[in-house]
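Structural features, examined
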Amino acid sequence: QKEVEQNSGPLSVPEGAIASLNCTYSDRGSQSFFWYRQYSGKSPELIMSIYSNGDKEDGRFTAQLNKASQYVSLLIRDSQPSDSATYLCAVRNTGFQKLVFGTGTRLLVSP
Amino acid sequence: EAGVTQFPSHSVIEKGQTVTLRCDPISGHDNLYWYRRVMGKEIKFLLHFVKESKQDESGMPNNRFLAERTGGTYSTLKVQPAELEDSGVYFCASSQAGTDQPQHFGDGTRLSIL
């Protein structure tokens with residue numbers, strides 16, 4: 001079992017719709033959770049971080065964390081074609097600084 | 001503020017040769033990380049520097065890989081001798097001192113071993 005699992009996609013949504021990206025993790029000691037966006041050939045760019053159960057909103061992005069279910073998600077409202085990218089879920093475990101990544105979900109937003 | 005910079009952006013070498021990758025972190029960032037993504041796999045941690053000290057090198061695959069960060073500024077990652085399975089994209093990230101600081105990534109070096 002991988003430490004961080006994501007559906008590789010692609011996830012296709014029409015412009016203006018809500019895109020829902022999901023991630024599960026195996027280590028119950030995980031304490032910090034991150035969503036990175038990566039365009040092809042570019043660096044992973046941090047878009048959201050979440051540390052406690054519940055929702056965290058930042059503009060069109062909402063991160064949701066459920067530690068009991070070991071589940072973290074990212075919602076993108078009013079999706080735009082420019083949101084088309086690979087979204088990486090990353091987890092940091094207690095006592096460590098390193099990030100553990102999922103393989104990423106490719107999102108395609110069609111005009 | 002300049003971001004994390006990596007050189008070269010792409011390197012093609014033959015098996016058995018040596019390659020050195022360089023990373024310049026964001027100015028003032030004490031923490032520097034190396035990660036690697038091989039084709040079809042997830043990004044995986046290699047090692048972590050705090051200033052010039054290796055804090056965690058648990059992800060280094062074998063002794064053909066040598067990372068240095070002399071003076072606590074830029075870092076180099078040397079692969080000697082390179083093997084076919086070393087091909088992939090090598091990312092560098094940096095963060096400010098302290099726990100739970102966000103890691104900022106460079107664009108990576110795409111390494112191809114022929």
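Structure shown above.
Model, not experiment: these values are computed from the prediction.

Let us look at the side chain of Ser75 of chain B. All names here are of chain B. Along the chain, Ser75 falls in strand 8 (residues 75–79). For Ser75, a relative accessible area of 0% translates into the label buried. Within the structure, Ser75 has its side chain in polar contact with the side chain of Trp34 (distance 2.9 Å). Non-local contacts of Ser75, meaning those with residues more than four positions away in its chain, are made with Leu21, Arg22, Cys23, Leu32, Trp34, Phe49, Glu68 and Arg69.

All names here are of chain B. Tracing the sequence through the fold places Leu111 in strand 11 (residues 109–113). A relative accessible area of 2% means that Leu111 is categorised as buried. Between the C-alpha atom of Leu111 and that of Phe91, which follows or precedes it by 20 residues, the distance is 11 Å. Excluding its chain neighbours within four sequence positions, the residues that come into contact with Leu111 are Ser11, Ile13, Val19, Asp86, Ser87, Gly88 and Tyr90.

As a further point, take the pattern of salt bridges. All names here are of chain A. Under the definition given, this model contains 7 salt bridges over all chains. Arg60 serves as the salt-bridge partner of Asp83, at 2.9 Å between the closest nitrogen and oxygen. With Asp83 in the loop between strand 8 (71–76) and strand 9 (85–93) and Arg60 in the loop between strand 6 (54–58) and strand 7 (61–66), the pair connects residues that are 23 residues apart, well separated along the chain. The class for Asp83 is buried, based on a relative accessible area of 1%.

Before going further, it helps to spend a moment on the packing of aromatic side chains. Two numbers describe a pair of aromatic rings. These are the distance of the centres and the angle of the planes. Residues and elements named next belong to chain B. Scanning all chains against the criterion turns up 11 aromatic pairs over all chains. An angle of 40 degrees between the planes, with centres 5.4 Å apart, marks the rings of Tyr35 and Phe105 as tilted. With a gap of 70 residues between them, Tyr35 in strand 4 (residues 31–37) and Phe105 in strand 10 (residues 104–105) connect regions that are remote in the sequence. Using a relative accessible area of 7% as the deciding quantity, one classes Phe105 as buried. Pairing Phe91 with Phe105 gives two aromatic rings, centres 6.4 Å apart and planes at 75 degrees, and the pair type is edge-to-face.

Right, let's talk about the nonpolar core for a bit. Formed by 24 residues in total, the largest nonpolar core has its most connected members in Trp35, Val72, Leu74, Ile76 and Tyr87 of chain A. Apart from the residues lying within four places of it in its own chain, the contact partners of Val72 of chain A are Leu21, Asn22, Cys23, Phe33, Trp35, Ile50, Gln64, Leu65 and Cys89 of chain A. Core analysis: the next-biggest nonpolar cluster, separate from the first, contains 21 residues, Ile26, Leu47, Val79 and Tyr90 of chain B among them.

Moving on, we come to the layout of surface pockets. Considering only enclosed or pocket space, the largest pocket measures out at about 590 Å³ in volume. As for the largest pocket, its lining consists of 25 residues, of which Gln38 and Gly41 of chain A together with Arg37, Val89 and Arg110 of chain B are closest to the centre. When residues of the lining of the largest pocket are traced back to their parent elements, those giving at least two are strand 9 of chain A together with strand 9 (88–95) and strand 11 of chain B. It is strand 11 of chain B that provides the largest number of residues to the lining of the largest pocket, a total of 4 residues. Per-class residue counts for the lining of the largest pocket are 7 nonpolar, 13 polar and 5 charged. Space inside the second largest pocket adds up to approximately 380 Å³. Lining the second largest pocket are 18 residues; nearest its centre among them are Glu3 of chain A together with Glu42, Ile43, Lys44 and Phe45 of chain B. Secondary-structure elements contributing two or more residues to the lining of the second largest pocket are strand 10 (100–101) of chain A together with strand 5 (44–50) of chain B. Across the lining of the second largest pocket, the residue classes break down as 9 nonpolar, 2 polar and 7 charged.

The next thing to look at is the sheet that holds strand 1 (residues 5–7) of chain B. Residues and elements named next belong to chain B. Read from one edge of the open sheet, 4 strands run 1-3-8-7, paired in antiparallel fashion. Of all the strands in the sheet, just strand 1 and strand 7 (65–68) have a single pairing partner and so form its edges. Neighbour-to-neighbour, the strand axes of this sheet turn through a mean angle of 15 degrees, independent of strand direction.

Reading guide: rules and limits
Residues numbered from 1 in each chain as written. Chains lettered and ligands numbered in written order. Predicted model: local features only at pLDDT ≥ 70, side-chain atom pairs only at ≥ 80, totals over all residues. Heavy atoms only, no water. Helix = DSSP H or I, 4+ residues; strand = E, 2+ residues; numbered from the N terminus. Buried < 20%, exposed > 50% of the residue type's maximum accessible area, 1.4 Å probe, protein only. Polar contact = N/O pair within 3.5 Å; in protein donor to acceptor, adjacent residues only side chain to side chain. Contact = heavy atoms within 4.5 Å. Salt bridge = Lys/Arg side-chain N within 4 Å of Asp/Glu carboxyl O. Phe/Tyr/Trp six-rings, centres within 6.5 Å; stacked < 30°, edge-to-face > 60°. Core = buried A, V, L, I, M, F, W, Y, C linked by side-chain atoms within 4.5 Å. 1 Å grid on protein atoms, 1.4 Å probe; cavity = no way out; pocket = protein on both sides within 12 Å on 5 of 7 lines; lining within 4 Å. Points joined across faces, edges and corners; volume = space filled by probe spheres on them. Nonpolar A, V, L, I, M, F, W, Y, C, P; charged D, E, K, R; others polar. Pairing = 2+ DSSP bridges. Axes fitted to C-alpha atoms, helices over the stretch in contact; angles between N-to-C directions.

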